[in-house]
Protein chains: 4
Amino acid sequence: MTATDPSGLAQLRDALRQFAADRDWDQFHSPKNLASALAVEAAELLERFQWLTEDQSRNLAPAELTKVREEMADVLNYLVRLADKLDVDLVAAARDKIELNAIKYPVETARGSARKYGE
Amino acid sequence: MTATDPSGLAQLRDALRQFAADRDWDQFHSPKNLASALAVEAAELLERFQWLTEDQSRNLAPAELTKVREEMADVLNYLVRLADKLDVDLVAAARDKIELNAIKYPVETARGSARKYGE
Amino acid sequence: MTATDPSGLAQLRDALRQFAADRDWDQFHSPKNLASALAVEAAELLERFQWLTEDQSRNLAPAELTKVREEMADVLNYLVRLADKLDVDLVAAARDKIELNAIKYPVETARGSARKYGE
Amino acid sequence: MTATDPSGLAQLRDALRQFAADRDWDQFHSPKNLASALAVEAAELLERFQWLTEDQSRNLAPAELTKVREEMADVLNYLVRLADKLDVDLVAAARDKIELNAIKYPVETARGSARKYGE
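Residues numbered from 1 in each chain as written. Chains lettered and ligands numbered in written order. Predicted model: local features only at pLDDT ≥ 70, side-chain atom pairs only at ≥ 80, totals over all residues. Heavy atoms only, no water.

Enquirer: Help me get a handle on the relation of the copies chain A and chain B, residues and values and all.
Expert: Related by rotation about an axis and a shift along that axis, the two copies of the chain form a pair. At an RMSD of 0.0 Å, chain A and chain B line up after a rotation of 180 degrees and a shift of 0.0 Å along the axis. Here the two chains are linked by the operation of a two-fold rotation axis. A share of 97% of interface residues in chain A that are also interface residues in chain B marks the association as one of identical surfaces. (Least-squares fit on C-alpha atoms with pLDDT ≥ 70 in both. Contact = heavy atoms within 4.5 Å.)

Enquirer: Got a sec to walk through the packing of aromatic side chains? Specific residues and values, please.
Expert: Taken as a whole, this structure holds 12 aromatic pairs over all chains when the rule is applied. On the numbers, 5.9 Å between centres and 65 degrees between planes, the contact of F19 of chain A with W25 of chain A is edge-to-face. With a relative accessible area of 13%, F19 of chain A lands in the buried category. Consider the rings of W51 of chain B and Y78 of chain D, whose centres lie 6.2 Å apart with planes at 40 degrees: the pair is tilted. With W51 of chain B in the loop between α2 (31–47) and α3 (54–57) and Y78 of chain D in helix α4 (residues 62–86), this pair bridges two chains. The exposure class assigned to W51 of chain B is buried, which follows from its relative accessible area of 6%. With relative accessibility at 15%, the residue Y78 of chain D sits in the buried group. Here the aromatic residues F19 and W25 of chain A together with Y105 of chain B are joined through ring pairs into a cluster of three or more. Here R23 of chain B stacks its cationic end above the ring of F19 of chain B, 3.7 Å away from the centre of that ring. (Phe/Tyr/Trp six-rings, centres within 6.5 Å; stacked < 30°, edge-to-face > 60°. Buried < 20%, exposed > 50% of the residue type's maximum accessible area, 1.4 Å probe, protein only. Helix = DSSP H or I, 4+ residues; strand = E, 2+ residues; numbered from the N terminus. Lys NZ or Arg CZ within 6 Å of the ring centre and 35° of its normal.)

Enquirer: Before we move on, can you summarise the interface of chain A and chain B with the specific residues and values?
Expert: The partner chain B presents 77 residues to the 77 residues of chain A that form the contact. Around 6300 Å² of area is buried between chain A and chain B when both sides are counted, 67% of it from carbon and sulfur atoms. Looking at the side of chain A facing chain B, the largest losses of area belong to K32, R69 and M72 of chain A, adding up to 10% of the total buried there. The interface formed by chain A and chain B holds four salt bridges in total. The partner of K97 of chain A in a salt bridge is D74 of chain B, with the nearest N and O atoms 2.6 Å apart. Here chain A is connected to chain B by 27 residue pairs in polar contact (both at pLDDT 80 or more). Mapped by element, the contributors of at least two residues to the side of chain A that touches chain B are α1 (9–23), α2 (31–47), α3 (54–58), α4 (62–86), α5 (90–104), α6 (107–110) and α7 (115–118) of chain A. Looking at the side of chain A that touches chain B, the element that brings in the most residues is α4 of chain A, giving 15 residues. (Buried area = accessible area lost by both parts, 1.4 Å probe. Salt bridge = Lys/Arg side-chain N within 4 Å of Asp/Glu carboxyl O. Polar contact = N/O pair within 3.5 Å; in protein donor to acceptor, adjacent residues only side chain to side chain.)

Enquirer: Tell me what's going on with the relation of the copies chain C and chain D, and back it up with residues and numbers.
Expert: Aligned on chain D, chain C shows an RMSD of 0.0 Å; the corresponding rotation is 180 degrees and the shift along the axis is 0.0 Å. The fraction of interface residues of chain C whose copies in chain D are also interface residues reaches 97%, indicating that both copies meet through the same surface.

Enquirer: Describe the interface of chain C and chain D, listing the residues and the values that go with them.
Expert: Tallying the contact residues gives 77 residues for chain C and 77 residues for chain D. Both faces combined, the contact of chain C with chain D buries some 6400 Å², and carbon together with sulfur accounts for 67% of it. The three residues of chain C that bury the most area against chain D are K32, R69 and M72 of chain C, which together make up 10% of that side's buried surface. Secondary structure elements with two or more residues in the side of chain C that touches chain D: α1 (9–23), α2 (31–47), α3 (54–57), α4 (62–86), α5 (90–104), α6 (107–110) and α7 (115–118) of chain C. For the side of chain C that touches chain D, the residue count by class is 45 nonpolar, 16 polar and 16 charged. (Nonpolar A, V, L, I, M, F, W, Y, C, P; charged D, E, K, R; others polar.)

Enquirer: So what about the side chain of D74 of chain A? Which residues, and what values?
Expert: Tracing the sequence through the fold places D74 of chain A in helix α4. Once residues within four sequence positions are removed from consideration, D74 of chain A is found in contact with E41 of chain A together with K97 and N101 of chain B.

Enquirer: Can you explain the nonpolar core? Please cite residues and give values.
Expert: Counting 154 residues, the largest nonpolar core has M72 of chain A, M72 of chain B, M72 of chain C together with M72 of chain D as the members making the most contacts within it. With sequence-adjacent residues up to four places away left out, M72 of chain A is seen in contact with L45 of chain A together with L79, L82, A83, L86, V88 and L90 of chain B. (Core = buried A, V, L, I, M, F, W, Y, C linked by side-chain atoms within 4.5 Å.)

This is the structure:
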């Protein structure tokens, strides 16, 4: 989201700003509402997978993948919009979180165990 | 972050691949499971806002913003991981979706109305 | 869900069992999948409210309330179905949780504060 | 629980009313906020299952089932609270929805297919 990133998330952010401004939708885009919309879109993405087996989810038909891709886009767009409103650098936040998780789940103890997730 | 990865997402993708490989967690990361994890993280983000007014959500205290930023990071990380598994270019998908939405919600009819969302 | 409850949740449970059996859908109804479906329906319910103000959410138009009521029904039906699969007595569980919450959030300290939710 | 409250939900509703009144929490319980809280609890329930296989989800250890039961209780409690605020009869709504679904998914065409869910 800097000058070195003219065509990535910063561009998306700008396009979403324009989109909302053109429609006078900024009034609806409080962080609270955007967080709701993001959760709703994440659930719509989950809906595409809910009755599939894990193996089926690894082998989506092209038409299904197209729909999944659109839901993923919705999630990213609301996330970028929320980050804009809260002045959060998403990629830096994600990098920081990976570092925190590396401490929280040391390789030795976490290896091959889903346990760490549960608690 | 290079000219071929202007958004920094490819770098995140690689870090997340390494993170999972180091812990032998790839076995848990079916698209179905990643979509669940993404929805769960989106809900954890929403939880930070659920009892706030919209105005309060626009004025988070620094400590609260730090937590919100971490939840946003979790959402992005699972989204990037899912995109990796499904070979989806997130930024391209998001751009395409903005174009689709521009057709779905023409400026003239959508202006200032939350209606378009409802249906 | 006992003999003293012939027309409430136990009846729903039985109707849902029959519905699934008639369609051979039991194969899809693992607790994992039902929990996903429940989360998806809860998000569809949330979607009806996401762009409303709190006041608007207290004054739904009749047509909108009808849709909200249907989404609430979907949530209850998946919850009852999951409870059936896990042999959980929902009403007893809910009563127990209210008692736990009464300890967790004593009247004196929780009074009028949304804080307790946050942490 | 009387003959006029066969499901026990009216008793839950009354207990939840008292719980909120004692803590002066009614101010936070707009339908919009309750729908968010419900979605968050449904996601916490899903979190217990997200890394499990479907078979593992059918065979929860007792300690895990206890936690799942608590999350199910949270979902029901917020659902009952929302129904109270919107004056919705949950069991009647659920029955009506089963009838609608019976029309939407006729036995002949829906038999054994997860397709009907997808669209």
